[in-house]
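# Report on the structure
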Amino acid sequence: MVMSQYKMVTSQASELLSQLTARWKTLSSGTRAFLKVGLPMIIMVVGGSYGLERFSSLRYDVQFRKRRIDKDLEEKFGWKKKEEPVTLENQFETVKKEVDVSDWENIRGPRPWEDSKEFQMKMAELRQKRKQQSEMSGQ
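The structure displayed is predicted, hence computed values, not measured ones.

## A closer look at the overall build of the protein chain
Tallying secondary structure elements over the protein chain gives five helices and zero strands in all. Shown N-terminal to C-terminal, the secondary structure of the protein chain runs as helices and strands in the order α-α-α-α-α. Every one of the 139 residues in the protein chain was classed for burial, and the buried ones make up 4%. Accessible surface computed for the protein chain: about 13800 Å², of which carbon and sulfur atoms make up 60%.

Here you go:
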């Protein structure tokens, strides 16, 4: 009984398959070529775009979750992040506090064909002036 049902189902499936292949071959005629070539391409492009969007959003979501750290662990191990973001203006202010930009002298470096003695003498003078100023401010 089961064998006869199996043979009947397989014969129906093979008939359906032969009908589909016959129809597929007729689709290749010029009028229905869009269904054979164009439609699958459009489905692949749209489906691929959708799939890439899903995979890329998943990737960035996972990276975001990995970067998030529990607040208790931050406090326990001292991993406290800086509250203030690093910007060009903030860096300029810190450098401005460290370096005196109001008092400077432009000293031209020696060219390859020039003698570097003059440059070295000016640099030595500058070092001596700075040393004297630091000694004066220290007293």
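Next comes the rest of the account.
## Observations regarding the confidence of the model for the protein chain
Taken as a whole, the protein chain shows an average pLDDT of 79; of its residues, 83% reach a score of 70 or greater. No element of the protein chain has a lower mean pLDDT than helix H3 (residues 71-77), at 72, and none a higher one than helix H4 (residues 88-98), at 88.

## Structural notes on the UniProt feature "transmembrane region" (unreviewed entry) in the protein chain
The UniProt feature table records "transmembrane region" (unreviewed entry) at residues 33-52. Annotation note: span residues 33-52, helix share 100%, strand share 0%, distance between end C-alpha atoms 28 Å.

## What about the environment of Lys-36?
Structurally, the position occupied by Lys-36 is in helix H2 (residues 33-67). Under the relative-accessibility criterion, Lys-36 is labelled partly exposed at 28%. Along the primary structure Lys-36 and Lys-25 are separated by 11 residues, whereas in three dimensions their C-alpha atoms are 9.3 Å apart.

## As for a nonpolar patch on the surface
Side chains of Phe-34, Leu-35, Leu-39, Met-41, Ile-42, Ile-43, Val-45 and Val-46 sit close together on the surface and give an oily, nonpolar patch of about 770 Å² of accessible area. The class of Met-41 is exposed, set by a relative accessible area of 57%.

Rules of the game
- Residues numbered from 1 in each chain as written.
- Predicted model: local features only at pLDDT ≥ 70, side-chain atom pairs only at ≥ 80, totals over all residues.
- Heavy atoms only, no water.
- Helix = DSSP H or I, 4+ residues; strand = E, 2+ residues; numbered from the N terminus.
- Buried < 20%, exposed > 50% of the residue type's maximum accessible area, 1.4 Å probe, protein only.
- Areas by Shrake-Rupley, 256 points an atom, 1.4 Å probe, with all protein chains shown as cover.
- pLDDT = per-residue confidence, 0-100.
- UniProt positions renumbered as here; feature names shortened; annotations may be inferred.
- Patch = residues over 30% accessible without salt bridge, like charges linked within 9 Å, V, L, I, M, F, W, Y side chains within 5 Å.
- Salt bridge = Lys/Arg side-chain N within 4 Å of Asp/Glu carboxyl O.

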